[in-house]
Amino acid sequence: MKLLNSELLWLLPLIAVPILIHILIRQRLPRVRWAAMTFLMRALRKNRRRLLLETILLLIVRTAIVAAIVFVVLRPVARAGWQWLSGQRQRTVSIIVLDDSASMAASDGVRTRMDRAIVRIEEYLDQLPAGSDVAVMLAADPPADLIRQPTRDISYVRQTLSKLAPRDSASAIEQSLITAAERLREEKTPNREIVIVTDGQAAGWQDDDARKREAFATAGEMAEVFVLAVPQTPAGDAAVTDLTISGGPDALTPSLAATLWPTSISVRLTALNTKEPLDTGIDLFVDGRKVTRKQVRVPPDQDLIISFEHRFNSPGEHTIAARCDSDLYERNNQRSMLLKVRERINVLLVDGRPGHDPAMSAGGFIRIALWPTDPQEPESVSFFDVRTLSTGNLESVQIGSFPLIILADVPALPSAAIGQIKAAVRDGSGLLIIAGPQVNASNLAAMFFEGGSGLLPVQLGPPIDLQPTDPPVGLVLNEPLVPALSAFDDPILMRALSTATFQTVRPVASVQGKNVQTWARFTRGGAALVANTFGQGGVVYFGGSADRQGGEFPLSPAFVPFFQQLAFHLTFGQDVPQQPAGQALEWHLATTDGINLTYPDGTSTPADAMVAEDPATGQPRVLLPSAQLAGVYTLTYNDATGTPRQAKKAVNLHADEFDPAMLALAPLREKQALAKTRVIGPADSIRTALLAAKREAELSTTGIIILLILLATELLLVRLFAPRQVDTQAMLKKAMDL
């Protein structure tokens, strides 16, 4: 039995009130002895047992009356077997949790799983008693309310469901269940139901983790939980499960797209849930135009890598898409990505100790490290175009036009230059700060700390300047390696880096920014390499010198790949070529004039309502809380000159949604999380399953009837016992007359 008003349990002690009144009245009666009492006592002794029985009966009835009042107020609920026998159901509050993840788009050639799910929901709605309330939640990630407030307008529910289409994100049934249970907690109706309508996709139901068990247990406490499975559909399917690029003239160059060399594009095709090879064609699109096609045969339940090569003729942002031939599950047939193609990277190297001799200047070896070229090789072209300036000549250039800015042992900068660097990094440029003897905690904080919200929110510790007799300081990379230093997975490079020595270092003592990461440490203590994200760009601080005065590191085999990797990371590392559906999309813009967002399905809408202040930089940003469809999102805006510009984001099917295979009904019923949940299969009768579930009924009406009966009984007993009380008084009067 459950209580709908369990918070009123404190009323239970009121049952003792009639008993206390009875005891107190008995204690208040004075005992007076007088002569005529003898005759009365004889009469009382003769009727004592009968009077005691009458008193006890009245006390029991009056106590039961108070108990009945408390019973009605608490509104108890109990299982009602007579309802099952009669086939009747009471008014129900139901929340339908509809799995609208991408796998619900799989088809049998006639209807999709979503179409079949809506048919099953309509069958369920037909079985609801009159006056029932229904709400609908969508369980793809993130969960969303289709009908937030339970409504009795069932026709409205049907109409709303008929317009639904699956999203491209994964399912989030556990989170939806917990939310539904919390909402039903507020309902006072005893009959509460949560109906999960799902295809039982294997990827979503594979494991019975603690979170899933907790979600179903929480829901089971609040309501009767049903899993309504939709019919099976053919599972044999070819899917584009990955799209990547590789490029560069050597193994140390990370995957990037440039006009200097052809870009290698790899497409991974997977044959899912089939015992036969799948024949399909794969098309490659660049900027919406098909550039090539290959016909392939994919082995059953295996991956096949198809390689393409494309040379971009112009720098800028380009769209790449790979698509296989149509089948019964269209959602996983295409994958897209965005590429920022570079021609040459213009690098601004600010040298704090300029000089013609690389061994003496602060940035001489850095200039050599950024893609050293062989003068004897006419085809050897440097990817980085380095321009070296001193701090006094910065007013001659537009700092914001450089994708990469390097400060080598720079003690201070003009305030105008600091502002330009901050704006450049916020808009996507990279900043590499290399320490040296002129760098100290106070001047670095004055330029970039800004109370912990600047480009480099760290505090430097005391410098370590070693004497010739002191043991040298080494460098140790954190494990696991960050992507920016992935080349140092090579044992030879790692050994070369770990044996490099420094005579002068400026370590980081404490990290204060929430986005700052430590990538390496010095063997004498303190962080050696820290990175921070700022807007669309990134900042890296290296606490060692890059010249011979700071140690033997410039002569190490690890020097060139070390700084090349950092340069590539700061130039390309902030790019997000693709991301899964369901996540937020954000654009950082200098101006938000005339912004308009175009979705993958071609619909377009003004994006003014999506503009907010970036808490990290204080600058405007456009935020789409959740990208629900796979494809390319295009943000159109006007720059400071009024020229229309575009910024794009590529969104793809969530990795869990590639495979539309459904879990068989028997394993689904055996799931530990579903131990107390009724699974209704596609062939099962919804009416039979609902009536077979033990229903609950509120017993308040029963309590009111009992209360009325008790009140009538109390009045009857008082009326029956009253004459006998009068006879006792008459006996007393007669005794006094004697």
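These numbers were taken from a predicted model, which means no experiment stands behind them. (Residues numbered from 1 in each chain as written. Predicted model: local features only at pLDDT ≥ 70, side-chain atom pairs only at ≥ 80, totals over all residues. Heavy atoms only, no water.)

**Section: the side chain of Asp99**
Line of reasoning, step 1. Position of Asp99 among the secondary structure elements: in the loop between strand E3 (93-98) and helix H4 (113-126).
Line of reasoning, step 2. For Asp99, which is buried and forms no salt bridge, the nearest opposite charge comes from Arg167, at a distance of 7.7 Å.
Line of reasoning, step 3. Asp99 has contacts with Met104, Met114, Ala139, Ser171, Ile173, Val197, Thr198 and Asp199, leaving out every residue within four places of it along the chain. (Helix = DSSP H or I, 4+ residues; strand = E, 2+ residues; numbered from the N terminus. Buried < 20%, exposed > 50% of the residue type's maximum accessible area, 1.4 Å probe, protein only. Lys, Arg positive; Asp, Glu negative; His and termini not counted. Salt bridge = Lys/Arg side-chain N within 4 Å of Asp/Glu carboxyl O. Contact = heavy atoms within 4.5 Å.)

**Side note on the nonpolar core**
Line of reasoning, step 1. Membership of the largest hydrophobic core comes to 55 residues, with the highest contact counts inside it found for Phe384, Phe562 and Phe563.
Line of reasoning, step 2. Here this core takes eight residues from helix H13 (residues 559-572), the largest share from any one element.
Line of reasoning, step 3. Counting 34 residues, the second largest nonpolar core, distinct from the first, contains Val410, Ile418, Val425 and Val508. (Core = buried A, V, L, I, M, F, W, Y, C linked by side-chain atoms within 4.5 Å.)

**Remarks on the pattern of salt bridges**
Line of reasoning, step 1. Applying the stated criterion across every chain, the model contains 24 salt bridges.
Line of reasoning, step 2. Residue Asp145 pairs with Arg183 through a salt bridge whose shortest N-O separation is 2.5 Å. Linking Asp145 in strand E5 (residues 144-151) with Arg183 in helix H6 (residues 173-184), this pair joins segments that are 38 residues apart in sequence.
Line of reasoning, step 3. A single network of salt bridges, built from pairs that share partners, joins Arg91, Asp133 and Arg152.

**Observations regarding helix H11 (residues 441-448)**
Line of reasoning, step 1. Buried within H11 are the following residues: Asn443, Leu444, Met447 and Phe448. Looking straight down H11, one finds its buried side chains confined to an arc of 105 degrees; they lie on one side. Residues of H11 that are exposed and point over 90 degrees away from its buried face: Ser442 and Ala446.
Line of reasoning, step 2. One or two steps after H11, the chain reaches Glu450, where phi turns positive at roughly 55 degrees. (Arc of directions from axis to C-beta.)

These values are about where atoms sit, not about what they do.
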